[in-house]
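Descriptive structure summary
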Amino acid sequence: MKLIDRFISRELLLHLGFAVAVLSLVLVIGNIFRKLLPLLVNHDVPAEYLLTFIAYVLPFSLIFTIPWGLLTAILLVFGRLSADNELIALRSNGVSIARICVSLGVLAVVCTAICLWLNVTVAPAAQQKLRSTILELATRNPMALFGSDQVIDQFPGRKIYVGKKEGNQLENIIVFELSETFMPMRVVHARRGVLEADLQNHRILMHLYEARYQQRDEKDPSDLRRIRDGINMVEGTLPISLEELYQKEKRRPSRSAMSLEQLLEQLKSGDQKEQSASRTELNKRLSFPFSCLAFALIAVPLGITTHRRETSMGFLISLVVAFSYFLFIIIADTLRNDPEMHPELLVWFPNLLFLVVGVLMFRRLARQ
């Protein structure tokens, strides 16, 4: 049995590593490249920032890919064992299905512990670092925030469109100055412009040439008939404060980037919606790692029952099971600001459902 345990453990680890790598590539790296390659090409972003983004996103992605990868590995390994009649040979020699799954149980517990560590400690810290990366980029190289045919919305109260950028030279510039309700109160059009970094005063100077602007009425900004044209400027300077960008990021922390201490502190606030959202986030961080155990329990009967060797079939079944599980998490996250729906309990429901169904299927399989 030690030989069998080593064989099953090796096969599970190999398929787990392969599945996690593939899923991370598809779900994370592909998404990062899709978002950052235009940034890298058009915004002159240093190449090391690409690696930094990947490093900070990877811990958060592993929370999803490790349970999903374990599910896929179990389906592939036990599907192959069933298709090759190796399980029949073992059980005909008196080895129970529970004994065959001992190494799988150990691996599932280890994956649960790793996901719990990532979810509680590593991923929130990495998310916080990811949010601060744009601040570091703005501090070191504020010109990198601007690119050709891009809308720059990082600066509070402004949206800036640049048609073309070459170095610090800009063409076809439109600057929208927004109200507190995100109404564009003033729109500035400029044929060309020049960027200048004033890092000592924590600001960017945008020198505009051949510019004109339009102003909405302060009392009735929704009345387009009261929009008035301003004077045309041969040359003007628009200062953009980086301090506002810093304050914006500090003022609006992402809940997924909060530590456990910060979430527990929010539970003491008087806002019921904030309390509900914090409770949901806490329970999600604690419940999601146990999906490894739920997936392990339900995947063994599914893998043996399908009785197929094809890798594509294993991936297809894992996709259906994982989507069913993640659907409850998405619904709970959507309802996190509604305390009457108790979303903090809903995040535990897929674990309970999969464990109950898995136990029933496993018992039925063991009696066959």
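Bear in mind the structure is a predicted one, so any value in this text is a computation, not a measurement. (Residues numbered from 1 in each chain as written. Predicted model: local features only at pLDDT ≥ 70, side-chain atom pairs only at ≥ 80, totals over all residues. Heavy atoms only, no water.)

**Notes on the overall build of the chain**
As a reminder, the rule being used: To qualify as a helix, a DSSP run of H or I must reach at least 4 residues; to qualify as a strand, a run of E must reach at least 2; elements of each kind are numbered from the N terminus. Whether two residues are in contact is decided by their heavy atoms, any of which lying within 4.5 Å being enough. Accessible surface is estimated by sampling points in the Shrake-Rupley manner with a 1.4 Å probe; for residues, cover comes only from the protein chains shown.
A tally of regular secondary structure across the chain gives 12 helices and seven strands. At a minimum sequence separation of 6, the contacts of the chain that also span at least 24 residues come to 65%. Here the chain displays about 19700 Å² of accessible surface, and carbon together with sulfur accounts for 60% of that area.

**Topic: unusual backbone geometry**
Convention followed: For the exposure calls, accessible area comes from a 1.4 Å probe over protein chains only, and a residue counts as buried if that area is under 20% of its type's maximum, exposed if over 50%, partly exposed in between.
Unlike most non-glycine residues, Asn172 shows phi in positive territory, near 55 degrees. By secondary structure assignment, the location of Asn172 is in strand S3 (residues 169-178). The backbone of Glu210 sits at a positive phi, close to 55 degrees, despite the residue not being glycine. Examined against the element boundaries, Glu210 turns out to sit in strand S5 (residues 203-215). Its relative accessible area of 45% is what places Glu210 among the partly exposed residues.

**Some remarks on helix H8 (residues 272-287)**
An α-helical segment advances 3.6 residues per turn. Residues three or four places apart therefore align on the same side. The condition that has to hold: One less than the residue count of a helix, multiplied by 1.5 Å, gives the span that helix is expected to have.
The terminal C-alpha atoms of H8 lie 22 Å apart, and with 16 residues this matches the ideal 22 Å at 1.5 Å per residue to within 8%. Among the residues of H8, those classed as buried are Gln275, Ser276, Ala277, Ser278, Thr280, Glu281, Leu282, Asn283, Lys284, Arg285 and Ser287.

**Points about the nonpolar core**
What counts, and what does not: Note on terminology: a nonpolar core comprises buried Ala, Val, Leu, Ile, Met, Phe, Trp, Tyr and Cys residues joined through side-chain atoms within 4.5 Å.
Judged by nonpolar contacts, the single largest core of 49 residues is most densely connected at Leu70, Leu71, Ile74, Phe78, Ile100, Leu104 and Val300. Elements supplying a minimum of two residues to this core: helix H1 (2-42), helix H2 (47-83), helix H3 (86-92), helix H4 (97-100), helix H5 (102-140), helix H9 (291-306), helix H10 (311-334) and helix H12 (349-367). Of all the elements, H2 adds the most residues to this core, at 11 residues. Membership of the second largest hydrophobic core comes to 18 residues, among which are Phe146, Leu170, Ile173 and Leu195.

**Some details on a nonpolar patch on the surface**
Test applied: Nonpolar side chains (Val, Leu, Ile, Met, Phe, Trp, Tyr) are joined into patches within 5 Å and like charges within 9 Å, using only residues with over 30% relative accessible area and no salt bridge. The term salt bridge refers to a side-chain nitrogen of Lys or Arg lying within 4 Å of a carboxyl oxygen of Asp or Glu.
Taken together, the side chains of Val109, Leu116, Leu286, Phe290, Leu293, Trp348 and Leu355 make up a nonpolar region of the molecular surface, amounting to roughly 530 Å² of accessible area. Within the secondary structure, Phe290 is located in the loop between H8 and H9.

**Details of the side chain of Asp5**
Rules: Counting of polar contacts relies on pairs of N or O atoms within 3.5 Å, with two restrictions inside protein: one atom must be capable of donating a hydrogen and the other of accepting it, and residues adjacent in sequence are counted only when both atoms are side-chain atoms.
Mapped onto the elements of the fold, Asp5 is located in helix H1. Given a relative accessible area of 16%, Asp5 falls into the buried group. At 3.0 Å, the side chain of Asp5 forms a polar contact with the side chain of Arg99. With near-sequence residues (within four places) excluded, Asp5 lies in contact with Arg99 and Ser103.

**A word on the confidence of the model for the chain**
Keep this limit in mind: The quantity called pLDDT is the predictor's confidence in a given residue, expressed from 0 to 100.
Chain-level statistics for the chain give a pLDDT mean of 79 and a share of 83% at 70 or above. Across the chain, the element-wise mean pLDDT spans from 62 in helix H6 (residues 242-251) up to 85 in H12.

**A closer look at the pairing of strand S2 (residues 158-166)**
Counted only if it meets this: When DSSP finds at least two bridges between two strands, those strands are taken to pair.
As judged from the three bridges shared by strand S1 (residues 150-152) and S2, these two strands associate in the antiparallel manner. Note on S2: the bridge partner recorded for Gln150 is Val162. Counting the residues between successive antiparallel strands, the hairpin from S1 to S2 contains five residues, one of them, Gly157, with a positive phi of roughly 80 degrees. Relative to S3, S2 is paired through eight bridges, and the arrangement is antiparallel. In the strand pairing of S3, Lys165 is matched with Leu170. The turn joining S2 and S3, which pair antiparallel and follow one another in sequence, is formed by two residues; a positive phi near 70 degrees is taken by Gly167.

**Describing the pattern of salt bridges**
Across all of its chains, the model carries seven salt bridges by this definition. Notably, a salt bridge pairs Glu11 with Arg80, separated by 3.4 Å at the nearest N-O pair. With Glu11 in helix H1 and Arg80 in helix H2, this residue pair connects regions lying 69 residues apart in the sequence. The class of Glu11 is buried, set by a relative accessible area of 14%. Classification of Arg80 as partly exposed rests on a relative accessible area of 32%.

**A look at H12**
What counts is decided by this rule: In this context, the arc is that of the directions from the helix axis out to the C-beta atoms.
With 19 residues, H12 should cover 27 Å at 1.5 Å per step; its first-to-last C-alpha distance of 27 Å lies within 8% of that length. Of all the residues in H12, the buried ones are Pro350, Asn351, Phe354, Gly358, Phe362 and Leu365. With its buried residues spanning 85 degrees around the axis, H12 presents them on a single face. Looking at H12, the residues exposed on the side facing more than 90 degrees away from the buried face are Leu352, Leu360, Arg364 and Arg367.

**Quick word on the pairing of strand S4 (residues 184-198)**
Relative to S4, S3 runs antiparallel, the two being bridged by nine bridges. The residue bridging Ile174 from the neighbouring strand is His189, located in S4. Following S3, the chain reverses through five residues before pairing antiparallel with S4; Phe182 in that reversal takes a positive phi of roughly 65 degrees. Note that S4 and S5 share 12 bridges and pair antiparallel.

**A word on the packing of aromatic side chains**
Put simply, the rule is: In this scheme Phe, Tyr and Trp rings, the latter by its six-membered ring, pair at centre separations within 6.5 Å, and the angle between planes marks the pair as stacked below 30 degrees, edge-to-face above 60, and tilted otherwise.
Applying the stated criterion to the full structure yields 12 aromatic pairs. A ring pair is formed by Phe288 and Tyr325, whose centres lie 5.9 Å apart and whose planes are at 65 degrees; its orientation type is edge-to-face. Of this pair, Phe288 sits in the loop between H8 and H9 while Tyr325 sits in helix H10, and the two are 37 residues apart along the sequence. Judged by relative accessible area, Tyr325 falls into the buried class, the value being 0%. A centroid spacing of 5.1 Å and a plane angle of 70 degrees characterise the contact between Phe295 and Tyr325, whose relative ring orientation is edge-to-face. One end of the pair, Phe295, is in helix H9; the other, Tyr325, is in helix H10, with 30 residues separating them in the sequence. Note on Phe295: relative accessible area 0%, which makes it buried.

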